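# Close look at the chain arrangement
These are the residues of each chain, in order.
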Amino acid sequence: MEKWQSRSIYNAATWYYHHCQDRMPIVMVTEDEEAIQQYGSETEGVFVISFKNYLDNFWPDLKATHELCESILQSRRERENESQESHGKEYPEHLPLEVLEAGIKSGRYIQGTLNVNKHRAQIEAFVRLQGASSKDSGLVSDILIHGTKARNRSIHGDVVVVELLPKNEWKGRTTALGENDGESPSEPMPTGRVVGILQKNWRDYVVTFPSKEEVQSQGKNARKILVTPWDYRIPKIRISTQQAEALQDFRVVVRIDSWESTSMYPSGHFVRVLGRIGDLEGEIATILVENSISVVPFSEAQMCEMPVNTAENPWKVSSEEERERKDLRKTHLVFSIDPRGCEDVDDTLSVRALDNGNLELGVHIADVTHFVTSHSYIDIEARTRATTYYLADRRYDMLPSILSADVCSLLGGVDRYAVSIMWELDKTSYDIKKVWYGRTIIRSAYKLFYEAAQELLDGNIDIVDDIPEFRDMDEKSRQAKLEELLWAIGKLTDIARHIRAKRDRCGALGLEGVEVRIQLDEKKNIHDLIPKQPLEVHETVAECMILANHWVAKKIYESFPRQALLRRHPPPHQEFFSELRECAKAKGFFIDTRSNKALADSLDNANDPNDPIVNWLLRSMATQAMSNALYFSTGSCAEEEFHHYGLALDKYTHFTSPIRRYSDIIVHRLLMAAISKDKKMEIKENLFSNKDLEELCRHINNRNRAAQHSQKQSTELFQCMYFKDKDPETEERCIADGVIYSIRTNGVLVFIPRFGIKGAAYLKNKDGLVISCSPDGHSEWKPGSLQRFQNKITSTTTGGESVTFHLFDHVTVRISVQASRCHSDTIRLEIISNKPYMMPDTELFQQSSLLLKSDLVKEVTRSMEEAQLAQEVKVNVIEKDYQKYCQTKGRSLYTLLEEIRDLALLDVSNSYGI
């Protein structure tokens, strides 16, 4: 810190002391020894001390915090000693900021974000171009950064400045599977080296300490330990500790302090222990930390803002709200369709015939902003979380459960506040005649789950026995109500088909992803792995929500063209479609990617009547090629950039899930302000300026990515738990049918429909042997070689036997788990036959009945319980370890300081202009 900065902080502390009329002592904490000497005794009542003295005098009992402080100070001392002793440089120095900025402006250097390839972390990283760099450089692809030296101490996620190398030094992407499987580069691409870092996006990292043998092999200085991050993309980190042996069985959080040019690795310090390696809660905690997800309970101040709804004091509609809202309780049949067991019901639907013969379609969304006022404590917390995080076995809510699962949730048979959009539709063409937006009061008649709604749509009325609302009705009422509901679901589906057809004509894409649901039993044990089965009612509900989001987007943009929150989906780069085009070509299909309409039509035509999985995989590849959809402020980009490529809509936003998305809360406030503006009433909502809204959008986009990654990682964790304790050699359930969807130089990528798993299958093992298949299809390893072609790969043994694997071939795969001490376990696939796996019913996604029901989890849980019982003997030792080596389990000073730091990033003032 500069001297003038220390002086300014001291002057501020002195002013505040006098402002409090010299009655409240002020403590200034600094590591600047000169400032402590100069100002320490200058003003009575203002104490200038070091952080260590502050802890010794004010927090003597916080043992873990003292250990953390000592760890940081030790790391700093050793770093200073290293820099004095070392004269040789491992990396070139970064260029000064002014040189970097001038180089970016002149076009000599290029700015972007470093993305390390987790499969080849030591070799490959790419810089994704940002802002003006992507337009001014003339480059259409990412820039390859080959090797760690060229990365020059930048870490995955950093915003870096790159200098392009001469074209004769450009290299290609590696097409082999795995980190150490030889060089098989593709065509050369722009290649560069990092010359500076504009923004270090360092965060908490989960690491594993080396085993006892590895510690001994690291050298004589036992205090300096190289720990291995859980994320492959992060380099090893050197930390100073004497507790390496005691912590080697735990997942541990560390932070990076610096990375000097004289050091091969970054230096950091120990923060806290998460849990034992392999323990479910420890692994979930790892996923949360790695995605920077905070799951602390809601505070007392936040909960004090919540409404009360108890048996003694039930929540009810206020008379004031009854006067101001449109009451739909007696006029509209309102119902919800959600996943079974859903508690946070954001949306309900209605459809009815009007007196003039037309229809009225209604989408009714939970009125969260009635309870979450702008800049309240709970609003600030929801803004920080930005979304509800859904993991395989749990969820972490954006809002307290009194809102998300109770007062805001549009449950059946209770009065609720909603924000509604209702369209008057032509009775035959379903064209929109009028639209109404406003606050309403509703009472949902039915809380349906998807499967029940689909059964009703298909005419199977026996399902009514599973719908609670029908159980206590007499036969006559039941029949009348059922006919009313059947008409509504049928009419909604008909309207949704019409809306979808209209979007299809504009080029809307029907894409696929591998979505697997982890089914748990009542004890939270894994019960099943079930690929999501597509139902038409999914499309019905989705189309109604898309329609609502589209019309709200148009409304708020019309009212606030410079500060509306919309969602755009940029067109993908054409080069990302190259693998899709080549794969389709292997089956004789042509995929036209020049526009979303052309792509949608091509995918519709790419159907193999003998194998429906082909079209599903092609759509999945198209999904992978897509850019991410992003939230943005309309004042930050031109209107022609608003377009949503995937949905084929000129304007789109998110309005329909305010219980679980903060973006929707902002959109609700914008819509309420737009309604007030139309009525020439005072706008009560505090709206963000364009600049503040764009900053908020960046934060929400970041949190959405974290939510997606954590959900995917937790699903993969449970997939590994599912297979981990089974013997793949003897367990029939570890054998499955797989489909080859990509060819590499040393293997293939395989999709397993039964479990929704994608993974690599090697055709050459670590001993250099290649796969060979006998006439009956059985495989074995033999000496030989591989030859890769565009759409196939051939394995030839030294004895002249050969086998060829083509794209979309069905093969029999053995599934096992590749255990890892330092990283997450991974699914390992091995081709055991070049013939399809025969089973009684091979229809895609119709195999959940074949999956092990309760035995699946009983096995996993039993092994976990046995491990837990085995560890109970060591409970006292473990507890001592925790007390000795990790932070306090409750709210520690470290946590408090972190929360203060986070709050400093939030503007809680009421100063956002309209």
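In this text, all values refer to a predicted model and were calculated from it rather than measured experimentally. (Residues numbered from 1 in each chain as written. Predicted model: local features only at pLDDT ≥ 70, side-chain atom pairs only at ≥ 80, totals over all residues. Heavy atoms only, no water.)

A tally of regular secondary structure across the protein chain gives 24 helices and 36 strands. Sorting the 914 residues of the protein chain into buried and exposed places 51% on the buried side. Pairs at least 24 apart in sequence give 67% of the contacts found in the protein chain among residues at least 6 apart. Accessible surface for the protein chain amounts to roughly 44,400 Å². Of this, 49% is attributable to carbon and sulfur atoms. (Helix = DSSP H or I, 4+ residues; strand = E, 2+ residues; numbered from the N terminus. Buried < 20%, exposed > 50% of the residue type's maximum accessible area, 1.4 Å probe, protein only. Contact = heavy atoms within 4.5 Å. Areas by Shrake-Rupley, 256 points an atom, 1.4 Å probe, with all protein chains shown as cover.)

Grouped together as the largest cluster of nonpolar side chains are 97 residues, with contacts concentrated most on Phe335, Trp423, Leu448, Phe655 and Leu671. Sorting elements by how many residues they give to this core places helix α16 (residues 536–559) first, with eleven residues. Here Trp423 is in contact with Leu359, Glu360, Leu361, Val363, Ile432, Lys434, Val435, Leu547, Ala548 and Trp551, once residues within four sequence places are set aside. Among the nonpolar cores identified, the runner-up in size contains 51 residues, and Ala584, Leu617, Leu618 and Leu749 belong to it. (Core = buried A, V, L, I, M, F, W, Y, C linked by side-chain atoms within 4.5 Å.)

As a further point, take the pattern of salt bridges. A side chain of one charge can pair with a side chain of the opposite charge when the charged atoms of the two come close. The full count for this structure, using the stated rule, is 53 salt bridges. The salt bridge partner of Arg329 is Asp327, with a shortest N-O separation of 2.7 Å. Arg329 sits in the buried class, given a relative accessible area of 17%. Here Arg385 makes a salt bridge to Glu381, at a shortest N to O gap of 2.6 Å. Linking Arg385 with Glu381, this pair stays in helix α12 (residues 377–385), spanning four residues, or about one helical turn. The class for Glu381 is buried, based on a relative accessible area of 16%. (Salt bridge = Lys/Arg side-chain N within 4 Å of Asp/Glu carboxyl O.)

What follows deals with the side chain of Arg567. Along the chain, Arg567 falls in strand β26 (residues 565–568). Within the buried set, Arg567 has no salt-bridge partner at all; the shortest N-O distance to an opposite charge, 8.4 Å, is to Asp664. In this structure Arg567 touches Ala629, Leu630, Tyr631, Phe632, Phe642, His644, Tyr652, Thr653, His654 and Asn704, once residues within four positions along its chain are discounted. (Lys, Arg positive; Asp, Glu negative; His and termini not counted.)

Turning our eyes to something else, we now look at the sheet that holds strand β14 (residues 267–276). Within a beta sheet, neighbouring strands are joined by backbone hydrogen bonds and run either parallel or antiparallel to one another. In space, the five strands of this closed barrel follow the order β10-β11-β12-β14-β13, with mixed pairing throughout. Put simply, the sheet's adjacent strands are angled 55° from each other on average, direction ignored. Across two bridges, strand β10 (residues 205–208) lies against strand β11 (residues 224–229) in antiparallel orientation. When the bridges of β11 are listed, Thr208 appears paired with Thr228. Those strands touched by helix α9 (residues 280–290) are β10, β13 (250–258) and β14, and its axis lies near 140° from that of β14. (Pairing = 2+ DSSP bridges. Axes fitted to C-alpha atoms, helices over the stretch in contact; angles between N-to-C directions.)

This part covers the sheet that holds strand β31 (residues 769–773). Pairing is antiparallel across the open sheet formed by four strands, whose spatial order is β31-β32-β33-β34. Of all the strands in the sheet, the pair left with one neighbour each is β31 and β34 (802–806). Strand-to-strand twist of the sheet, defined as the mean angle between neighbouring strand axes without regard to direction, takes the value 45°. Looking at chain direction, strand β33 (residues 792–797) and β34 are connected through five bridges and run antiparallel. By the bridge assignment for β34, Lys792 is matched with His806.

Looking at the protein chain, the pLDDT average stands at 84 and 84% of residues meet or exceed 70. Note on residues 841–914: pLDDT is under 50 here. Beyond four places in sequence and across chains, it has 128 contacts. (pLDDT = per-residue confidence, 0-100.)

This brings us to α12. By the criterion of burial, α12 is predominantly enclosed, with seven of the nine residues buried. The secondary structure elements touched by the buried residues of α12 are α10 (300–304), β19 (389–390), α20 (662–678) and α21 (690–724). Downstream of α12 by one or two residues, Ala386 has phi in the positive range, about 75°.

Going through the model one piece at a time under the given rule, you end up with 15 aromatic pairs. Between Trp315 and Tyr417, the aromatic rings sit 5.1 Å apart at their centres with planes inclined by 80°, giving edge-to-face as the arrangement. Taken together, the residues span a long stretch of sequence, with Trp315 in the loop between α10 and α11 (319–324) and Tyr417 in strand β21 (residues 415–425) at a distance of 102 residues. Of the two residues, Trp315 and Tyr417, neither departs from the other in class, the shared state being buried. Three or more aromatic residues joined by ring pairs form one cluster here, namely Phe51, Tyr54 and Phe58. Sitting above the plane of the Trp551 ring, Lys554 keeps its charged end 3.7 Å from the centroid. (Phe/Tyr/Trp six-rings, centres within 6.5 Å; stacked < 30°, edge-to-face > 60°. Lys NZ or Arg CZ within 6 Å of the ring centre and 35° of its normal.)

A word on α16. With 24 residues, α16 extends 35 Å from end C-alpha to end C-alpha; this agrees with the ideal 34 Å at 1.5 Å per step. Across the 24 residues that make up α16, a large majority, 19, are buried. (Expected span 1.5 Å × (residues − 1).)

Another aspect to go through is unusual backbone geometry. Even without a glycine there, the phi angle at Asn152 is positive, about 50°. Of note, Asn152 is situated in the loop between α7 (148–151) and β6 (159–164). The backbone phi angle of Ser292 is positive, close to 55°, even though this residue is not glycine. Checked against the element boundaries, Ser292 lands in the loop between α9 and α10. What makes Ser292 partly exposed here is its relative accessible area of 42%.

As a further point, take the environment of Asn791. With respect to the helices, strands and loops of the structure, Asn791 is situated in the loop between β32 (779–788) and β33. Spatially, the C-alpha atoms of Asn791 and Tyr741 are 9.6 Å apart, while their sequence positions differ by 50 residues. Filtering out sequence-adjacent residues up to four positions away, Asn791 remains in contact with Glu582, Ala586, Ile743, Phe805, His806 and Leu807.

For the rest of this paragraph, the subject is the packing of helix α14 (residues 450–457) against α16. Closest axis-to-axis distance for the α14/α16 pair is 8 Å, and the angle between their directions is 105°. In this view, α14 runs roughly perpendicular relative to α16, as classed from their interaxial angle. Contacts between α14 and α16 pair Tyr450, Ala453, Gln454 and Leu457 from the former with Glu536, Val537, His538 and Val541 from the latter. A class-by-class count of the residues in the contact of α14 with α16 yields five nonpolar, two polar and one charged. (Parallel < 35°, antiparallel > 145°, perpendicular 65-115°, else oblique. Nonpolar A, V, L, I, M, F, W, Y, C, P; charged D, E, K, R; others polar.)

All right, on to the side chain of Thr388 then. By the secondary structure assignment, Thr388 is in the loop between α12 and β19. Separated by 3.0 Å, the side chain of Thr388 and the backbone nitrogen of Met398 make a polar contact. In contact with Thr388, other than residues within four places in its own chain, are Arg395, Tyr396, Asp397, Met398, Ile659 and Arg660. (Polar contact = N/O pair within 3.5 Å; in protein donor to acceptor, adjacent residues only side chain to side chain.)

A few words on the packing of α9 against α21. Angle between the axes and distance between the axes are the two parameters that describe a pair of packed helices. Put simply, α9 and α21 touch, their axes get as near as 10 Å, and they point 155° apart. In this view, α9 runs roughly antiparallel relative to α21, as classed from their interaxial angle. Read as a crossing pair, α9 and α21 show a hand that is right-handed. Counting all contacts with α9, which are made through Leu280, Glu283, Ile284 and Ile287, the residues of α21 involved are Ser710, Gln713, Ser714, Leu717, Phe718 and Met721. Of the residues contributing to the contact of α9 with α21, the split by class is six nonpolar, three polar and one charged. (Left-handed = near helix turned anticlockwise from the far one by under 90°.)

Once that is clear, we can look at the pairing of β21. Counted residue by residue, β21 has eleven buried out of eleven residues, so it is predominantly covered. Of the two faces of β21, the one holding Asp415, Tyr417, Val419, Ile421, Trp423 and Leu425 and the one holding Arg416, Ala418, Ser420, Met422 and Glu424 are both buried throughout. Bridge analysis of strand β18 (residues 359–366) against β21 gives eight bridges, and the strand direction is antiparallel. Among the inter-strand pairings, Gly362 is bridged to a residue of β21, identified as Met422. One ladder, built from eleven bridges, connects β21 with strand β22 (residues 432–443); its direction is antiparallel.

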